[in-house]
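# Inside the fold
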Amino acid sequence: MTMRPPSPQDGREVWQLVKQSPVLDLNSTYHYILMCDYFRDSCVLAHHGTQLIGALIAFKHPRQRETLFVWQIVVDPVARGRGLAGRMIDLAIQQTGCTWLETTVSPSNHASRHLFESWAQHHSAKLTDAEGYPAAWFKSTHEHEPLLRIGPIATQAKKQQGAEK
Ligand SMILES: CC(C)(COP(=O)(O)OP(=O)(O)OC[C@H]1O[C@@H](n2cnc3c(N)ncnc32)[C@H](O)[C@@H]1OP(=O)(O)O)[C@@H](O)C(=O)NCCC(=O)NCCS
């Protein structure tokens, strides 16, 4: 298994992977190509051989550069439950140097909620809930998207300093 930032040519495969997870909002291939291009430094793809098995699509908050916003994270059903999602988040945090993570998780997505709770706990970071985006702003079938904020997250350098004390 390998993990790396995407290139724009990966957008179509990311779209395919997201399409396999009906729980996620599927956007256009163009949207994934753009994300894989303009936000490549904050995104992570995981491959098993040549097969794409995981994707994390995220970007640095435009007004709070220390915050990474995780927009979509998806793992191929056959590769779930082995810590891959957590490792992709670790790499995105490492790549960006961000010390805060934000995401929205719809109330019915227990796997996603559990992932971020577990990740925060693992990193000894606090998780707080905020209002996010109300259901009324979306099309009729879309749930409320509460915002989760996790941090502060110790950077690799800070962890090392702590270990040396
Ligand atoms: C959510 C998702 C990315 C998790 O991927 P994963 O690689 O299986 O996650 P991990 O193995 O890193 O597990 C992380 C934690 O989440 C928990 N978890 C994973 N799937 C779960 C599920 N279906 N129900 C409850 N908890 C779950 C794991 O038990 C683990 O917790 P632990 O550390 O306490 O054991 C994956 O289930 C997925 O792709 N789901 C569909 C897309 C989606 O909902 N994305 C999130 C919203 S953008």
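What comes next is a walk through the structure. Just so it is clear, the structure is predicted and the values come from calculations on it, not from any experiment.

Our next topic: the sheet that holds strand β5 (residues 100-104). Here we have 7 strands laid out as an open sheet, ordered β1-β2-β3-β4-β5-β7-β6, and mixed in their pairing. What marks the edges here is a single partner per strand, and that holds for β1 (2-4) and β6 (126-133). Sheet twist, expressed as the mean angle between neighbouring strand axes with direction ignored, is 25°. Of the strand pairs in this sheet, strand β2 (residues 44-48) and strand β3 (residues 51-60) are connected by 5 bridges, and their pairing is antiparallel. Its bridge partner lying in β3, L45 is registered against A55.

Another aspect to go through is the pattern of salt bridges. Counting across every chain of the model gives 5 salt bridges. Between R40 and D37 there is a salt bridge, and its shortest N-O distance comes to 2.7 Å. Note on D37: relative accessible area 30%, which makes it partly exposed. Residue D129 pairs with R113 through a salt bridge whose shortest N-O separation is 2.7 Å. In this pair, D129 is assigned in strand β6 and R113 in helix α4 (residues 110-122), connecting sequence segments 16 residues apart. Connected through shared salt-bridge partners, R113, E117 and D129 make up one network.

Glancing now at helix α2 (residues 29-38). Within α2, burial applies to Y32, M35 and C36. Down the axis of α2, the sector holding all buried residues measures 95°, keeping them to one side. Exposed residues lying more than 90 degrees from the buried face of α2 are Y30 and Y38.

Take the site of the ligand next. Around the ligand, the structure places 20 residues, and the nearest of them are I73, G81, G83, N109 and S118. In the model, an oxygen atom of the ligand is placed 2.7 Å from a nitrogen or oxygen of the N109 side chain. When the ligand is considered free in solution it has 920 Å² of accessible area, and contact with the protein chains removes 71% of it. If you list the elements that add at least two residues to the shell around the ligand, you get β4 (67-75), α3 (84-96) and α4. Taken together, the residues that form the shell around the ligand break down as 9 nonpolar, 9 polar and 2 charged.

This paragraph deals with α3. With 13 residues, α3 ought to run about 18 Å at 1.5 Å a step, and its terminal C-alpha atoms sit 19 Å apart, in line with that. Buried within α3 we find L84, A85, G86, M88, I89, L91, A92, I93 and T96. In this structure, the buried side of α3 is in contact with β1, β2, β3, β4, β5 and α4. Trailing α3 by a residue or two, G97 shows a phi angle of about 70°, which is positive.

The next thing to look at is the packing of α3 against α4. Following both chains from N to C, one finds α3 and α4 inclined at 55°, their axes separated by 10 Å at the closest point. Relative to α4, the element α3 is oriented oblique. As α3 runs across α4, the sense of the crossing is right-handed. Contact with α3, carried on its side by A85, G86, I89, D90 and I93, involves L115, F116 and W119 of α4 and no other residues of that element. In terms of residue class, the contact of α3 with α4 is made up of 6 nonpolar, 1 polar and 1 charged.

Cut-offs applied
Residues numbered from 1 in each chain as written. Predicted model: local features only at pLDDT ≥ 70, side-chain atom pairs only at ≥ 80, totals over all residues. Heavy atoms only, no water. Pairing = 2+ DSSP bridges. Helix = DSSP H or I, 4+ residues; strand = E, 2+ residues; numbered from the N terminus. Axes fitted to C-alpha atoms, helices over the stretch in contact; angles between N-to-C directions. Salt bridge = Lys/Arg side-chain N within 4 Å of Asp/Glu carboxyl O. Buried < 20%, exposed > 50% of the residue type's maximum accessible area, 1.4 Å probe, protein only. Arc of directions from axis to C-beta. Near = heavy atom within 4 Å. Polar contact = N/O pair within 3.5 Å; in protein donor to acceptor, adjacent residues only side chain to side chain. Areas by Shrake-Rupley, 256 points an atom, 1.4 Å probe, with all protein chains shown as cover. Nonpolar A, V, L, I, M, F, W, Y, C, P; charged D, E, K, R; others polar. Expected span 1.5 Å × (residues − 1). Contact = heavy atoms within 4.5 Å. Parallel < 35°, antiparallel > 145°, perpendicular 65-115°, else oblique. Left-handed = near helix turned anticlockwise from the far one by under 90°.

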